[in-house]
Amino acid sequence: MLKNIVFTQFFCFLNAFSLLIRLFFRPKWEGGQYDGVENKRLDVLRIAMELGADYVDVELQFIDSISGKNPENTKVIVSSHNYQYTPSVEDLGNLMARMQATGADIVKIATTALDIADVERIFQITVHSQLSCLCGIVVPVVGLVMGDRGLISRVLCPKFGGYLTFGTLKSGVVSAPGQQALKVFCVRTHPQISWDSVLQFLTGRLHLSAVAKLIGAVNYIIRRSTDGKLIGYNTDYFGAISAIEDGLRGKHNSSSITGARVVIVNRTYERARELATSVRGDALALADLDNYHPEDGMILANTTSIGMQPKVDDTPISKHALGLIFDAVYTPKITRLLREAEESGATIILLNYLFSFTDSIVLLQRLRNFSETLWQITSEVWMP
Ligand SMILES: O=C1C[C@@](O)(C(=O)O)C[C@@H](O)[C@@H]1O
């Protein structure tokens, strides 16, 4: 029976970047090719487990016939496919809860994009399901949106905490609409060519949006289809500012946001002063931060990479911070800074991934025909 199974897919674990082959046996009613008796299909999955498959993938409707019967080294993925549309956030949330409650090792939801903005709902659910780890075990989630308009979900899913993405080994041979052939892009330079010169190459060719120019950083580069020009945007600022504003609104129960006195802290005092001068703020040396006693209503924003994986035990401030604490680090989502701040009773704010993303969708929608030319630079390119 195993001979009849077609191996046409691969898992691409983007984080570890190791490649695993997965066996799948999806029925026609769930978008696959198997048209036979259900019991036989489930038998195949059971045999696969006995033979030591790393993963077996079963539809939500059949999870009971597999879950709990798997050997320790076989992980069970529970799947749901919607080939018509992407349901509302509420419906997706309910579906996710039902899937998580099955006891599966991994939850996978694949929906269909009728509009590029549908992807946002899947990202929202993916992010939300990671945050529920605060109160218990996190079940890894795969959230994908099928179809050309869902392409961005396949590329950006790791950024939103997705466990893996799907692709095809051969262009055109797909098991779901929108799957892309595996291409590993890397910026490879000769040891004598410095990262600075790569940046120089990019920055020399970039046209900046007004906001990116002002901030001096971009996190998205899009090749404009009308003239092929590379346009650099900054969408991260919006994710950060909107999260802080939301946090303030929630804390003070009001809709008005007022200005603030800005204090810039940097390891190099001179640099702190330089930036502080440009925003008419004050500067502080990092060494003085622990003894700094700000007035009530302080918002502390960590915009450095301190506390980011792998150095998750680092924190920019040794005492427990109070007030409203924002951390721009997004791996891990709950940094030591945020954890300790929360323990001290502070209000913590996470980067508003979704706003950041919504903003990019708005940009993309403005620039029609984007799909073949979307470039995403996951680590920011800083302008010299
Ligand atoms: O669940 C998935 C992901 C998928 O739907 C995709 O969109 O790549 C393809 C399916 O075959 C697979 O089982």
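Residues numbered from 1 in each chain as written. Predicted model: local features only at pLDDT ≥ 70, side-chain atom pairs only at ≥ 80, totals over all residues. Heavy atoms only, no water.

1. A look at a nonpolar patch on the surface
Move 1: Taken together, Val211, Leu214, Ile215, Tyr237, Phe238 and Ile241 make up a surface patch of nonpolar side chains, about 530 Å² in accessible area.
Move 2: For the nonpolar patch, the secondary structure elements donating two or more residues are α6 (210–215) and α7 (236–252).
Move 3: Locating Ile215 in the fold gives a position in helix α6.
Move 4: By relative accessible area, Ile215 is classed as partly exposed at 39%. (Patch = residues over 30% accessible without salt bridge, like charges linked within 9 Å, V, L, I, M, F, W, Y side chains within 5 Å. Areas by Shrake-Rupley, 256 points an atom, 1.4 Å probe, with all protein chains shown as cover. Salt bridge = Lys/Arg side-chain N within 4 Å of Asp/Glu carboxyl O. Helix = DSSP H or I, 4+ residues; strand = E, 2+ residues; numbered from the N terminus. Buried < 20%, exposed > 50% of the residue type's maximum accessible area, 1.4 Å probe, protein only.)

2. Brief notes about the side chain of Thr74
Move 1: Checked against the element boundaries, Thr74 lands in the loop between β3 (55–59) and β4 (75–81).
Move 2: The exposure class of Thr74 is buried, given its relative accessible area of 0%.
Move 3: Every residue in contact with Thr74, bar those within four places of it in the chain, is listed here: Met49, Gly52, Ala53, Asp54, Tyr55, Val56 and Asp105. (Contact = heavy atoms within 4.5 Å.)

3. So, the confidence of the model for the protein chain
Move 1: Of the residues in the protein chain, 76% reach a pLDDT of 70 or more, and the chain-wide mean stands at 75.
Move 2: Throughout residues 184–189 the model reports pLDDT below 50, and contacts reaching past four residues in sequence, or to other chains, amount to four contacts.
Move 3: Here residues 358–384 scores under 50 on pLDDT; set against residues more than four positions off or in separate chains, the count is 59 contacts. (pLDDT = per-residue confidence, 0-100.)

4. Here we look at the environment of Lys333
Move 1: Here Lys333 lies in the loop between β14 (324–327) and α9 (336–343).
Move 2: Taking relative accessible area as the criterion, Lys333 reaches 16% and is therefore assigned buried.
Move 3: Taking C-alpha positions, Lys333 is 7.2 Å from Leu350, a pair spaced 17 residues apart along the chain.

5. Side note on the pattern of salt bridges
Move 1: One pass over the full model with this rule turns up ten salt bridges.
Move 2: Among the ionic pairs, Arg41 bridges to Glu38, the shortest N-O distance being 2.9 Å. Pair noted here: Arg41 and Glu38 are both in helix α1 (residues 38–50), with a separation of three residues, about one helical turn.
Move 3: Using a relative accessible area of 0% as the deciding quantity, one classes Arg41 as buried.
Move 4: Salt-bridge contacts for Asp118 lead to Arg121; the nearest nitrogen and oxygen are separated by 3.3 Å. Of this pair, Asp118 and Arg121 are both found in helix α3 (residues 118–131), three residues apart, which corresponds to roughly one turn of the helix.
Move 5: A residue is classified by how much of its surface remains accessible, and Asp118, at 10% relative accessible area, is buried.
Move 6: One salt-bridge network, in which partners are shared between bridges, spans Glu38, Arg41 and Glu59.

6. Some points on the sheet that holds β14
Move 1: Spatial strand order, β13-β14-β15: three strands in an open sheet with parallel pairing. Because the sheet does not close on itself, it has two edges, and the strands there are β13 (299–302) and β15 (347–350). Within this sheet the neighbouring strands show an average axis-to-axis angle of 20 degrees, counted without direction.
Move 2: In the sheet, β14 pairs with β15 via four bridges, with the strands oriented parallel. In the strand pairing of β15, Phe326 is matched with Ile349. (Pairing = 2+ DSSP bridges. Axes fitted to C-alpha atoms, helices over the stretch in contact; angles between N-to-C directions.)

7. Things to note about helix α2 (residues 89–100)
Move 1: Counted at 1.5 Å a residue, the expected span for α2 with its twelve residues is 16 Å, and the 16 Å between its end C-alpha atoms agrees.
Move 2: All of the buried residues in α2 are Leu92, Leu95, Met96 and Met99. Seen from one end, α2 has its buried residues packed into an arc of 100 degrees, which puts them on one side. Facing away from the buried side of α2 by more than 90 degrees, the exposed set consists of Glu90 and Arg98.
Move 3: Close packing links the buried residues of α2 with β4, β5 (106–112), α3 and β6 (141–146). (Expected span 1.5 Å × (residues − 1). Arc of directions from axis to C-beta.)

8. Re the packing of aromatic side chains
Move 1: Enumeration according to the criterion identifies one aromatic pair in this entry.
Move 2: Here Arg41 stacks its cationic end above the ring of Phe62, 5.4 Å away from the centre of that ring. (Phe/Tyr/Trp six-rings, centres within 6.5 Å; stacked < 30°, edge-to-face > 60°. Lys NZ or Arg CZ within 6 Å of the ring centre and 35° of its normal.)

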